[in-house]
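These are the residues of each chain, in order.
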There are 2 protein chains.
Amino acid sequence: MTRGHALGLDFGTESVRAVVLDLESGALTATAVAPFPHGVIDRSLPEGGPPLPHDWALQDSDDWLTSMEHATREAMAAAGVQAASVKGIGIDFTASTILPTTGNGTPLHGIDALRAQPHAWPKLWKHHAAQAQADRINAVAARRGEKWLPRYGGKTSSEWLMAKALEMLDEAPEIYAAAECIVEAGDWVAWRLTGSLARNACAAGYKALWHKRDGYPSSDFLRALDPGLENLYASKVSGQVLAPGQVVGHLAGEWAQRLGLAEGTPVGSPMIDAHAAALGGGVSGPGTLFIVMGTSSCHLLLAEREVLVEGMSGVVEDGIVAGLFGYEAGQAGVGDIFAWFVRSGVPSADEVVPFELGDSGKRAGLIHDLMSQRAAALAPGESGLLALDWWNGSRTPLVDADLSGAILGYTLETTPEAIYRALIEATAFGTRMIIDVFKEAGLAVDRVRVSGGLSRNELLTGIYADVTGLPFEICATDQASGVGAAMLGAVAGGAFDRVDEAVGSLAQPPARIVPPDTSHGATYDALYGQYARLVDLFGRDPSSPLKQLRALRAQ
Amino acid sequence: MTRGHALGLDFGTESVRAVVLDLESGALTATAVAPFPHGVIDRSLPEGGPPLPHDWALQDSDDWLTSMEHATREAMAAAGVQAASVKGIGIDFTASTILPTTGNGTPLHGIDALRAQPHAWPKLWKHHAAQAQADRINAVAARRGEKWLPRYGGKTSSEWLMAKALEMLDEAPEIYAAAECIVEAGDWVAWRLTGSLARNACAAGYKALWHKRDGYPSSDFLRALDPGLENLYASKVSGQVLAPGQVVGHLAGEWAQRLGLAEGTPVGSPMIDAHAAALGGGVSGPGTLFIVMGTSSCHLLLAEREVLVEGMSGVVEDGIVAGLFGYEAGQAGVGDIFAWFVRSGVPSADEVVPFELGDSGKRAGLIHDLMSQRAAALAPGESGLLALDWWNGSRTPLVDADLSGAILGYTLETTPEAIYRALIEATAFGTRMIIDVFKEAGLAVDRVRVSGGLSRNELLTGIYADVTGLPFEICATDQASGVGAAMLGAVAGGAFDRVDEAVGSLAQPPARIVPPDTSHGATYDALYGQYARLVDLFGRDPSSPLKQLRALRAQ
C-alpha cells in the first residue's frame, strides 16, 4: 500500500492553483490553475457604484470557491488519481487578506443589505488604505511600550488585520458591528470546507499580533486605541489557534461533491503563501535562510529560541513549523527596482536596444536579457558604482517607508549595464545585511535556499552568493507554495506525524547550488562596508538627507 | 570720421572665426569660420607613423595660419570694409595650447628631422597625457610649500604649460633641448603676424603660473622638480608679459598681404577664449560673475584685490582687464552630464521617445527638448531627487578629479524627466557653491552674466536664477569670444584707451534678464543645504565613499 496523495490549494493574488502531490516520491503528479473571475477589485464594486478610493484592493470570496472547484477538478483529472487516494488537503493564502462574516461564516458582502458597502468585502493583502490606522496603532503601542511591538520591528503594517479592522470601525461602524467574525481568507476557506473555524498560527502570528505564550494584544491596549475596538480579539477574532498541519476539520459532504474528493478528508491548518513556500522548498529547520525573491523579497529563518532581531516583519512560534520560532524579514523592493530601471532607465540608442522590439512585455524581457549579459562581463567594483536599494523604502533592518534609493559613483563613462549590475548588487548587500542582523542576534545562517521568479536569474544568484559568501541553493520546483500546502495536507491526513518529517521525505533536492566565488570576496567586503556606512548615514541618522528630501516632496 | 573697425581672431578647438566689429556701434559687421584641415590630431601624425598614445591631442600650426587667412578674407569681403578701416587686430586662443619652436619661431614639427616626433607638434589644451607630470609638480610644490600653489586651488593641471613641458623633457629630451622657445599658440600667432614675441598675461597667469609681482615659479623649484627643467622660464618661456590689449607689434608686410589688411596694423596681446568672452559679453568690472556654460562651465569674476579663494583655477592680476584681479573658477561637468543622460539614461519606451528619430544628433536634440518640456512642469523638490554634479569630478571648490556623481531619492515612481531636472539643479547648486566661496572670501557677486550654448536653455537659466537668488543676464551675442578679441584689437589700435572703455562702449546689453522666482527660494535653500551636506560627506571627508569606490575601481 502506498501513502497516496495530498492536495495543496495555493491561493495567490490573481488565481488559485491546485497541486496533487505524490506522497511516496514527492513528485508533483498534476497541477491546474484557475483565475479569479473578478481578479483584484480596485476600481469599483462588481455591481457598480462610486469608484473605490486610492489604495483600495478588494476581492470577491465567491471567486475563491468557484475557482478552487475548477482548479481542483482539473488537477485531479489530470493526475488520474482516485478521490480516496487523497489523504489530506492543505491550504496557503495571501495574507493578511481578511473578510467580515456572520457567526456562521456568511460573508457580509453576500448579504443584500450590505453588499453596496465596500467595507463588507474582503480586503486583499495589498489594500493599502489603512495607513492612517497603522500609524495610530504604532503610535499608541510605542507610547504604551507594548512588549509585542519589537517582535514586529517596532511597526505594524497597514496590510495587517488590526489596521484593516480599525479602518472598518472608523469608516463603516455599522459593518464592524455586523461582523460577528473577522477572519483570514485561508481560515475562511478551511471553515467553508469543514464547517469548523480555527485560526492558523502563521497568519495569526505574522499578521494579527498573536503570540503562543502571551496571546493577542490586551483589551487595555485596544481600548486605548479606540474603545469600540476593545472586543476585537475577544469576540470577532476569537477561536483556537492551530499550528501548520494540525487538523481544522474534515471535508463536508457538499464540498466533497463539489471538489470530487472523499467526504471526511482531513483539512490542515493553512499558512501564508510565502511561508508555505519554505516547506515546499525543503526548509523545515534552523540554519538555512529561505528567500522568496520576486518584486519584493521575503526572508524566513527557523530557530529554536526567541530573541530580539532588528527590523523583523515578525517572529512567530509555530508560525512555520510547530515547535520552532519562525523569523520573517523582508526587502521592500527587489524585482520592482529592476523593472523600474528597464522601464525608466535604459537608453533608446540603437546600439543598446533595437527599436522594433514590439510590445512592452517582450521588450522588457529582451532588455533584461541584454543588460544581464553585459553586466555579467563586469568585474565587482569595476564600474565604481554603489547603490542603496530603497526605491520602495527599507523593511529589514530599518522599517522605514520614507527612505528612498541612491546611486553613487556616476561618471561620464557609466553604462546602463553598470547601473543594472549595481542595482542587483545593492539588493544583494541588502540581503547580506539581513543575514548580519540574524547573526548579530545569535541565529545561525549557514546557507541560503531561494525560490521565486528571480531565483532563475543566474547573474543575480551568482552575485548574491559572492556578496554573502554563502552557497545559494536554487529550489527545483517553481510551485513551492503549492507543494508546501500539499505537505500540510499530508500531515493533516496522517501520512506523516510532523511537518518536518513531511518536508524531509517529500522535498526535492535543489536544482542547482551556486557556490560563492571567493576571488570576489575582498572587493565585495569593501563595497559592503561602504554600503553599511550609507545605511548609517542615510538610514539611521534622523536628519538623513533622504528624510529631508521626503519632507520637501510632501510639501 | 568714424572709429572704423577691429578684427577679432577667435581660435577654437576645431576652427578659427574672424569677426569684424564696428567700433562706432559695437555691431558685428561680418564673421566667417574656417575649420582646421587636420582638426584635432589624436590618432596618428598626419604623415602616418605609429598610433598616438591614449589621451594625446595635437594640432598642426600650419592649419591655424591657413585657416586664419581664409576666415579673415571671407569676413572682410562679407563686411565690405576697406583694409584701412581696420584699426587693430585682437586674438583669442584655446589654452594651454603650446608648441616648441626655434628662437625665431619656426615650429619644431616644421623641421624635417624632427617631424616624426610627436612631441615636436603643438599640444592642444585637451592633450591629457601629462597627468603623471602634473602629479609630480603638485607633490613637489606642496612639499615645498610653494606660495603660488594656493592661487590654483592647490593643484596644477595636466593641461598646463609646465606639465606639458615636463612631459616633453621626460619623453623626448632631444626635442626639449631643441626647443629654444615653448610658446602659447595665441602668442605664437601674434609673433608670426608681427615678428615680435610677447607673452600674454592671461595665458601666462592662468596656465603658466606667472604672477605680476612674484613672476614665475623659482629656479629652485624647477630644479627640485627636475634639474633639466631649471632653465624653463629663464630661457624657453622668457619674454615680456603684456596685459590684454597692449600692443605686441604691427602687422608685417607678408601677413598684410596674406590677410588683405594694411601693413602696420597694431596687433594686441591675446587672451584665452573663455576669458575674452567675458569682455565680449560685456563684463569688465567687479560684481558681475561671468559664466561660459557649455560641456563644462568656466566662471570669471573681477575684483580690485587679491585674496585666497577656495578651489580657484587661478587668480591673475591683469589676466582679463589691466589693473584688476581676474578670478577663474570652474565646474568640470555641466552640459557633458546632460549629454550623458540623454545618451545613457533615457528610456526607449514608445511613449517617451518615438523610435524612428533617425540620426543620433537629431535624436539627442529631440530628447533634450522633450525632457526640458516635461521637467519644466515639475515644482522644486517635487520629485524628491537630489544629485551631486561630479560626473567629471569637482573643480571648484574641491579640485578633486577622483570624485564621482550621485543621485539620491529614487522611488519606483521616479521619471526620466525628474532625473533630468535633478541633474540641472545639481549643476545650479554647484554654481551657487562657487558664488558662496567668492562671497566667503569677501568678493561681491551681485548678478550673473552667462554665455555659451547652455545660456539659451530657458529651463536651465530659470533654475539657476531661482537656486542662486540672483538675476541671470543672457548675453546677446553668441560670438562673445570673437567680439572680445576684436575689442582687444580696438584697444591695441588706439580706438579706446582701456579695455573697460572699449567694453563699456561696444558691448551689447543682455538679450534677456532672468529674475529669480522668489517663491522657489525656500525650497531651493533647503535642497541646497542638503547638497552642501553631501559636499562635506562625500567630497571633503578623506574617507568619502566616493573615494573608496574610486580606489576599488582602479584595482
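Computed from a predicted model, the values in this text were never measured in an experiment. (Residues numbered from 1 in each chain as written. Chains lettered and ligands numbered in written order. Predicted model: local features only at pLDDT ≥ 70, side-chain atom pairs only at ≥ 80, totals over all residues. Heavy atoms only, no water.)

Colleague: Just to check I follow, could you spell out the nonpolar core for this structure?
Modeller: The nonpolar side chains of soluble globular proteins are, as a tendency, buried together. In this structure, A:Y327, A:F438, B:Y327 and B:F438 are the most contacted members of the largest nonpolar core, which totals 152 residues. Discounting chain neighbours no more than four positions away, the residues touching A:F438 are A:L289, A:L301, A:V309, A:M312, A:Y327, A:A329, A:L443 and A:V445. (Core = buried A, V, L, I, M, F, W, Y, C linked by side-chain atoms within 4.5 Å. Buried < 20%, exposed > 50% of the residue type's maximum accessible area, 1.4 Å probe, protein only. Contact = heavy atoms within 4.5 Å.)

Colleague: Is there a simple way to explain the sheet that holds strand β14 (residues 314-317) of chain B in this structure?
Modeller: Residues and elements named next belong to chain B. Read across the open sheet, the seven strands follow the order β14-β15-β13-β12-β18-β19-β20; overall the sheet is mixed. Since the sheet does not close on itself, it has two edges, and those belong to β14 and β20 (512-514), each with one partner. Between one strand and the next, the sheet's axes are offset by a mean angle of 25 degrees, whatever the strand orientation. Examined bridge by bridge, strand β18 (residues 445-451) and strand β19 (residues 472-474) share three bridges and lie parallel to one another. Residue pairing in the sheet places R449 in a bridge with E473 of β19. (Pairing = 2+ DSSP bridges. Helix = DSSP H or I, 4+ residues; strand = E, 2+ residues; numbered from the N terminus. Axes fitted to C-alpha atoms, helices over the stretch in contact; angles between N-to-C directions.)

Colleague: I keep staring at the interface of chain A and chain B and nothing clicks. Help me out?
Modeller: Reports often express the size of an interface as the amount of accessible area lost when the parts come together. Taken together, the contact between chain A and chain B spans 53 residues of the former and 53 residues of the latter. Summed over both sides, the interface of chain A with chain B buries roughly 4,300 Å², with 62% coming from carbon and sulfur. Along the contact surface separating chain A from chain B lie two salt bridges. For B:R533, the salt bridge identified is with A:D541, shortest N-O distance 4.0 Å. Sorting the residues of the side of chain A that touches chain B by element identifies α11 (335-344), α12 (360-376), β17 (405-410), α13 (416-440), α17 (521-540) and α18 (545-554) of chain A as the ones contributing at least two each. No other element matches α17(A), which puts eight residues into the side of chain A that touches chain B. A per-class count over the side of chain A that touches chain B returns 28 nonpolar, 18 polar and seven charged. Where β17(A) meets strand β17 (residues 405-410) of chain B, five bridges bridge the pair, whose relative direction is antiparallel. If you follow A:A406 over to β17(B), its bridge partner there is B:L408. (Buried area = accessible area lost by both parts, 1.4 Å probe. Salt bridge = Lys/Arg side-chain N within 4 Å of Asp/Glu carboxyl O. Nonpolar A, V, L, I, M, F, W, Y, C, P; charged D, E, K, R; others polar.)

Colleague: Can you walk me through the packing of aromatic side chains in this structure?
Modeller: Overall, the coordinates contain 35 aromatic pairs over all chains when judged by the stated rule. Centre to centre, the rings of B:F11 and B:F93 are 4.6 Å apart; their planes meet at 15 degrees, and the pair counts as stacked. Note that B:F11 is positioned in strand β1 (residues 5-11) and B:F93 in strand β4 (residues 86-93), a separation of 82 residues in sequence. Joined through ring pairs, the aromatic side chains of A:F11, A:W64, A:F93 and A:W188 make up one cluster. A:R192 extends its terminal NZ or CZ atom over the ring of A:W191, reaching a point 5.7 Å from the ring centre. Against the face of A:Y176 rests A:K236, its NZ or CZ located 4.4 Å from the ring centre. (Phe/Tyr/Trp six-rings, centres within 6.5 Å; stacked < 30°, edge-to-face > 60°. Lys NZ or Arg CZ within 6 Å of the ring centre and 35° of its normal.)

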